[in-house]
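So you can see what is in the structure, the chains are spelled out below.
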There are 4 protein chains.
Amino acid sequence: MYRFECDYTEGAHPKILEALAATNLEQTPGYGEDSHCANARRLIREACQDPEMDVHFLVGGTQTNTTVIAAILRPWQGAVCADTGHIAGHESGAIEATGHKVLPIPTADGKISAEQVRALVEAHWADATHEHQVQPGLVYISHPTEGGLLYTKAELEALRAVCDEKHLPLFLDGARLGYGLMADGTDVALSDLARLCDVFYIGGTKVGALFGEAVCVPNKALLPDFRYSIKQHGGLLAKGRLLGIQFETLFTDGLYFDISRHADAEAMRLNAALRAAGYSFWNSSTTNQQFPILPDALCEKLSKDFSFSNWGRAGTDRIVRFATSWATKPESVDALIEAIK
Amino acid sequence: MYRFECDYTEGAHPKILEALAATNLEQTPGYGEDSHCANARRLIREACQDPEMDVHFLVGGTQTNTTVIAAILRPWQGAVCADTGHIAGHESGAIEATGHKVLPIPTADGKISAEQVRALVEAHWADATHEHQVQPGLVYISHPTEGGLLYTKAELEALRAVCDEKHLPLFLDGARLGYGLMADGTDVALSDLARLCDVFYIGGTKVGALFGEAVCVPNKALLPDFRYSIKQHGGLLAKGRLLGIQFETLFTDGLYFDISRHADAEAMRLNAALRAAGYSFWNSSTTNQQFPILPDALCEKLSKDFSFSNWGRAGTDRIVRFATSWATKPESVDALIEAIK
Amino acid sequence: MYRFECDYTEGAHPKILEALAATNLEQTPGYGEDSHCANARRLIREACQDPEMDVHFLVGGTQTNTTVIAAILRPWQGAVCADTGHIAGHESGAIEATGHKVLPIPTADGKISAEQVRALVEAHWADATHEHQVQPGLVYISHPTEGGLLYTKAELEALRAVCDEKHLPLFLDGARLGYGLMADGTDVALSDLARLCDVFYIGGTKVGALFGEAVCVPNKALLPDFRYSIKQHGGLLAKGRLLGIQFETLFTDGLYFDISRHADAEAMRLNAALRAAGYSFWNSSTTNQQFPILPDALCEKLSKDFSFSNWGRAGTDRIVRFATSWATKPESVDALIEAIK
Amino acid sequence: MYRFECDYTEGAHPKILEALAATNLEQTPGYGEDSHCANARRLIREACQDPEMDVHFLVGGTQTNTTVIAAILRPWQGAVCADTGHIAGHESGAIEATGHKVLPIPTADGKISAEQVRALVEAHWADATHEHQVQPGLVYISHPTEGGLLYTKAELEALRAVCDEKHLPLFLDGARLGYGLMADGTDVALSDLARLCDVFYIGGTKVGALFGEAVCVPNKALLPDFRYSIKQHGGLLAKGRLLGIQFETLFTDGLYFDISRHADAEAMRLNAALRAAGYSFWNSSTTNQQFPILPDALCEKLSKDFSFSNWGRAGTDRIVRFATSWATKPESVDALIEAIK
């Protein structure tokens with residue numbers, strides 16, 4: 001069985017396991033105050049071209065989204081996001097559990113525009129009873145989105161401009177950030193995120209690490225006491241060095257980017273083969289998630305040897321998701337391409 | 001200026017002020033443990049034909065909705081309601097502030113059906129990742145709805161049946177309950193609510209009282225320690241007798257029903273006059289809120305002498321709301337009818 | 001039966017009932033945006049000699065404490081208060097329900113000193129693991145305290161100084177404020193509170209009103225969007241004018257002060273009689289609550305005609321509480337004094 | 001530098017790293033639904049002699065305490081624990097952040113007795129105003145305690161009895177459980193915990209794992225939808241197998257017990273040497289944490305080559321903590337013993 005159902009079916013990139021083994025008997029202070037975390041912070045700041053920003057390491061995506069959002073918002077505020085955003089429907093109400101409403105913007109493709117944010121915020125303040133409603137308190141976007149799409153630099157700059165205009169922090173969920181940064185045709189670099197976001201995170205769990213997300217805070221004043229929040233939300237790992245060692249490895253010699261590029265390339269090889277075979281796609285993702293529209297019969301045939309996700313219906317056909325990752329073997333994609341022909 | 005903008009522009013029915021004055025120097029225990037509260041509970045149980053149910057008195061609607069819902073739900077559960085429900089958009093995120101997501105059902109008219117509830121609940125449990133989503137934990141409806149519409153007895157029975165089937169409590173918000181119970185053509189009586197709901201409340205604030213909502217709990221096992229919750233949410237009035245005295249008055253000699261009938265009758269008199277003048281309506285409300293569709297020019301003319309609410313647009317015309325209440329004088333409605341002609 | 005068990009056994013001062021009756025059929029906007037609220041705000045600002053401060057009206061004490069504290073604190077912060085403070089043990093965990101720990105300071109008499117606050121805050125920051133603990137986020141005091149004691153102006157100034165030094169807002173709970181301001185020997189005036197506190201409230205429920213607390217916010221920047229918070233916590237009364245009318249009445253012709261002075265005078269008359277009869281006291285309260293230490297036999301004898309509260313034991317004797325109020329009749333105190341002799 | 005400052009200064013037992021490496025390229029489902037988690041559950045059930053209990057894997061201690069407690073308590077309830085309990089002062093208010101007060105019991109040694117629990121609960125219910133206070137909702141204990149002490153089987157049985165009597169769940173925090181179970185003289189076995197607790201956890205982070213806590217739920221009805229809670233609190237690790245593999249390794253061939261026994265033995269070797277050298281101890285811990293009382297001069301001398309924690313003062317001397325672990329080398333303890341002589 002070849003598994004394409006998601007991008008976290010394996011453990012970690014072998015270099016990470018090697019690094020963990022090599023450092024295993026080192027004795028270090030806990031809670032992220034060790035030299036590996038310090039070094040990982042330095043490497044990430046360099047990669048982001050922001051030598052001053054704060055960098056914190058958390059364990060997983062839901063924890064990161066919740067901890068960041070709860071630390072930013074005041075009790076009467078909510079998080080503006082796409083109605084398909086991860087925080088809106090895939091985190092068991094974690095944001096609400098911290099007291100905040102998610103304010104969803106309907107989208108066709110999972111991306112929200114500066115115009116939509118402006119319209120929502122202005123409608124709030126224009127309403128005579130706005131005090132009876134939840135005040136928009138930050139903007140949350142994902143890059144890539146749940147469906148693998150990317151913002152352009154111009155779109156991010158427009159979001160930044162409306163956030164400045166409306167005094168809203170911009171928070172970017174980068175659970176699959178590597179796959180976005182390495183996609184063909186994107187004009188968004190890591191340094192753009194450091195310039196345009198108040199806070200964003202570089203996903204490790206889905207991009208080569210055992211687990212771990214690196215929260216980058218260019219707007220340091222926004223999260224002054226963030227370590228209390230991390231502890232309160234159960235994210236201050238006792239052996240914090242495990243996160244430092246993993247990000248140290250990922251940001252040494254460009255490993256994070258290389259493995260992301262590999263996943264994207266394998267995904268686009270599959271994309272090309274599907275197109276050549278005459279199939280269309282649910283969206284125009286250029287990242288590691290591909291959503292072809294396939295006949296049920298083909299899906300059933302494929303499912304004997306390949307695992308993948310059902311994503312919905314498109315008329316009489318099925319939308320499915322194939323995800324590649326740092327761990328996807330070219331021969332697995334070869335086999336899948338062969339089976340599709 | 002004649003005010004029709006809402007149903008809480010005046011103080012209280014004169015009999016309530018008289019009762020407050022007559023009892024003012026009585027010395028009573030606090031926190032709802034006085035004889036007036038006891039008597040009001042007895043009168044309400046009689047009116048509901050449920051001699052056993054619990055009755056609690058709270059101060060206002062948002063407080064009541066929040067306290068009841070937070071006491072019922074477990075942390076991973078949310079409240080199913082119409083997308084136009086009061087808790088969904090008019091309470092500043094009070095439900096979310098207690099940790100719970102509101103699970104909105106899209107509606108055309110503000111009413112949700114048993115079929116919609118069943119579909120939502122079954123979709124939740126059928127989803128392979130349901131544990132990553134908020135579990136439906138109760139059903140919230142308003143009667144009348146925000147737009148003044150009423151459930152039929154058959155519709156409520158169907159909701160009760162699906163709630164039984166799916167093990168969900170049914171909570172009915174009766175902020176304007178009197179106006180619903182006294183509307184022409186309704187087949188829903190107070191005793192039906194006691195039979196069909198797990199918990200509901202009888203609104204006082206909008207129906208003749210200075211303030212106050214009577215929470216009725218036919219399903220006593222659902223809210224065993226509810227007075228802790230009331231206190232925690234700031235609803236345990238020190239001089240709780242003020243609530244007892246008001247509901248005692250409202251439920252003596254049918255006052256609650258008489259003043260509600262009056263408001264409905266005046267509203268329907270306005271309705272008839274508007275129909276006669278050729279205007280159509282946003283919906284078919286038979287309660288104290290009427291939503292005619294009027295030309296802007298007429299609205300502007302009327303606004304010199306009458307206050308009312310803007311409710312939206314219908315093509316080139318305007319949807320407005322006129323609300324009557326226990327306090328509406330027939331001569332005010334006469335004047336409005338005259339102005340419309 | 002003469003009731004001395006608490007200061008909220010009656011309704012409201014007759015002038016308040018008269019004002020409610022006189023204004024009953026006025027039609028006003030809701031939610032505190034009416035002319036009575038505006039006028040009450042003006043009168044309170046004048047009484048506080050702070051023409052700029054924000055004034056909000058809420059319904060009760062627990063609601064007020066919770067709404068203010070939740071609006072000030074960030075999620076990782078707690079409220080410093082006396083271990084006997086109302087928020088620490090008498091509000092069903094309302095503060096914790098908003099996500100915040102109460103940080104109690106042990107006290108003998110219910111008052112906390114600037115030195116204690118400084119010590120607690122400095123100990124927090126000096127601890128190497130302070131990020132694993134709750135950060136002190138504000139200071140809460142009551143004036144009078146639960147036991148009827150008063151801060152001196154010098155004590156309040158010292159608390160202000162430490163709050164400035166440590167960047168902590170100072171919040172004063174004035175549920176019984178009138179009885180404190182009118183006590184013999186106090187040097188604290190209402191204008192001192194406006195000068196020394198970031199936020200405080202003037203209690204109405206226990207001082208002549210049916211209900212209601214006036215939240216005064218000299219430090220306006222601290223609570224910029226407070227009406228959202230009030231609504232979210234169920235404190236934005238639909239008929240907000242009821243609060244405006246009551247405070248308008250209380251702050252016209254010094255009524256609030258006159259009725260407070262009356263209560264204190266009656267309490268001190270009882271105090272003198274008890275001293276003359278040879279009894280000692282639990283504390284040195286000069287306000288409307290008196291805590292004599294009495295033999296059980298006397299308590300039992302008194303309890304036939306008088307209600308009062310048990311407050312604890314002092315050796316073989318009992319500490320009891322007698323509370324007077326705006327409504328206490330001199331002849332009731334006469335009767336009590338006679339019974340004690 | 002030899003580090004004795006805590007029991008999480010190294011990575012993981014080498015067998016765990018080997019297992020992670022050996023399974024690294026296996027493709028498994030996420031979120032704990034893989035075969036390694038299933039196998040680890042089976043092994044833990046066997047070790048606990050409870051073939052039916054639920055077992056869940058979470059990442060860390062604060063997260064585990066918070067998730068369990070928030071899932072058990074109703075909003076008006078609090079967690080009874082020792083005033084020195086981890087949840088009371090070392091988790092940044094995580095329990096309060098979920099809406100619940102911690103109800104501390106003063107203790108000399110960090111252990112709470114059945115009598116203390118009974119007294120607290122009975123005092124609550126006996127208080128006439130108990131509805132104005134937080135209701136005791138569960139009992140939380142640590143075994144070993146923060147100070148390394150152990151409950152006896154009789155003490156646990158007495159706690160179980162009072163919990164049954166008062167209808168309170170008993171939750172045992174076993175962050176250092178292995179070191180407790182293997183201590184000389186204890187009569188408490190893992191199967192006793194499964195018999196006496198409603199829920200407890202087996203700590204991995206401090207006992208040989210990279211991270212991870214195994215939550216055991218003998219009382220399955222108590223936590224019916226617990227996976228929603230885990231997800232909501234950010235504890236549902238995407239690559240859940242990492243937890244399964246670690247606990248699979250720890251519970252194969254008794255590894256968990258062997259490494260715990262080693263740590264205890266080294267700690268008691270140090271204990272004996274300190275006693276022989278004439279030093280006394282802060283408490284009578286027989287587990288991996290030892291708290292000798294040492295002169296400042298000795299502490300300063302030792303601190304050149306050894307790291308340890310300051311725990312407080314005892315007269316003119318200092319209380320310090322030395323912690324051993326699965327990773328402590330006998331030669332490190334030899335060196336420490338030599339330095340003390």
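Above this text sits the structure in question.
Calculation notes
- Residues numbered from 1 in each chain as written.
- Chains lettered and ligands numbered in written order.
- Predicted model: local features only at pLDDT ≥ 70, side-chain atom pairs only at ≥ 80, totals over all residues.
- Heavy atoms only, no water.
- Contact = heavy atoms within 4.5 Å.
- Buried area = accessible area lost by both parts, 1.4 Å probe.
- Salt bridge = Lys/Arg side-chain N within 4 Å of Asp/Glu carboxyl O.
- Helix = DSSP H or I, 4+ residues; strand = E, 2+ residues; numbered from the N terminus.
- Nonpolar A, V, L, I, M, F, W, Y, C, P; charged D, E, K, R; others polar.
- Polar contact = N/O pair within 3.5 Å; in protein donor to acceptor, adjacent residues only side chain to side chain.
- Pairing = 2+ DSSP bridges.
- Axes fitted to C-alpha atoms, helices over the stretch in contact; angles between N-to-C directions.

*Asks:* Go over the interface of chain A and chain D, please, and point to the residues and values.
*Replies:* Taken together, the contact between chain A and chain D spans 44 residues of the former and 45 residues of the latter. Counting each side, the surface lost to burial between chain A and chain D is near 3700 Å², with a carbon and sulfur contribution of 56%. Looking only at chain A, the three residues that lose the most surface to chain D are Tyr8, Gln27 and Lys239 of chain A, adding up to 19% of its buried area. Where chain A meets chain D, there are zero salt bridges. Listing elements by their share of the side of chain A that touches chain D, those giving two or more residues are strand S1 (2-3), helix H1 (14-22), helix H3 (61-72), helix H5 (94-97), helix H10 (226-232) and helix H11 (241-250) of chain A. At four residues, the largest contribution of residues to the side of chain A that touches chain D is made by H1 of chain A. Its residues placed into classes, the side of chain A that touches chain D shows 21 nonpolar, 15 polar and eight charged.

*Asks:* Please give an account of the interface of chain B and chain C that cites residues and values.
*Replies:* At the interface, 45 residues of chain B touch 45 residues of chain C. Together, the buried faces of chain B and chain C total about 3700 Å²; carbon and sulfur atoms form 56% of this surface. In this assembly, chain B and chain C are joined by zero salt bridges. Put simply, the parts of the chain that give the side of chain B that touches chain C at least two residues each are strand S1 (2-3), helix H1 (14-22), helix H3 (61-72), helix H5 (94-97), helix H10 (226-232) and helix H11 (241-250) of chain B. Across the side of chain B that touches chain C, the residue classes break down as 22 nonpolar, 15 polar and eight charged.

*Asks:* Can you lay out the side chain of Arg241 of chain A for me, pointing to particular residues and giving the numbers?
*Replies:* Structurally, the position occupied by Arg241 of chain A is in helix H11. Here Thr23 of chain A takes part through its backbone oxygen, which lies 3.2 Å from a polar atom of the side chain of Arg241 of chain A. Looking at Arg241 of chain A, its side chain comes within polar contact range of the main-chain oxygen of Glu26 of chain A, at 2.7 Å. Residues contacting Arg241 of chain A, with those up to four places away along its chain left out, are Thr23, Asn24, Leu25, Glu26, Gln27, Thr28, Asp34, His36 and Cys37 of chain A together with Thr9, Glu10 and Gly11 of chain D.

*Asks:* Tell me about the sheet that holds strand S5 (residues 135-142) of chain D, and please be specific about residues and values.
*Replies:* All names here are of chain D. Pairing within the open sheet is mixed, and its seven strands lie in the order S2-S8-S7-S6-S5-S3-S4. Edge positions in the sheet fall to strand S2 (54-58) and strand S4 (102-105), since each has one partner strand and no second. Put simply, the sheet's adjacent strands are angled 25° from each other on average, direction ignored. Note: strand S3 (residues 77-82) against S5, four bridges, orientation parallel. When the sheet's bridge partners are listed, Ala79 is paired in S5 with Leu138. Sheet strands touched by helix H3 (residues 61-72): S2, S3, S5, strand S6 (170-173), strand S7 (199-203) and strand S8 (213-217). Its angle to S7, the strand with the most contacts, is close to 170°. Packed on one face of the sheet, helix H7 (residues 153-166) meets S5 and S6 and runs near 145° to S6.

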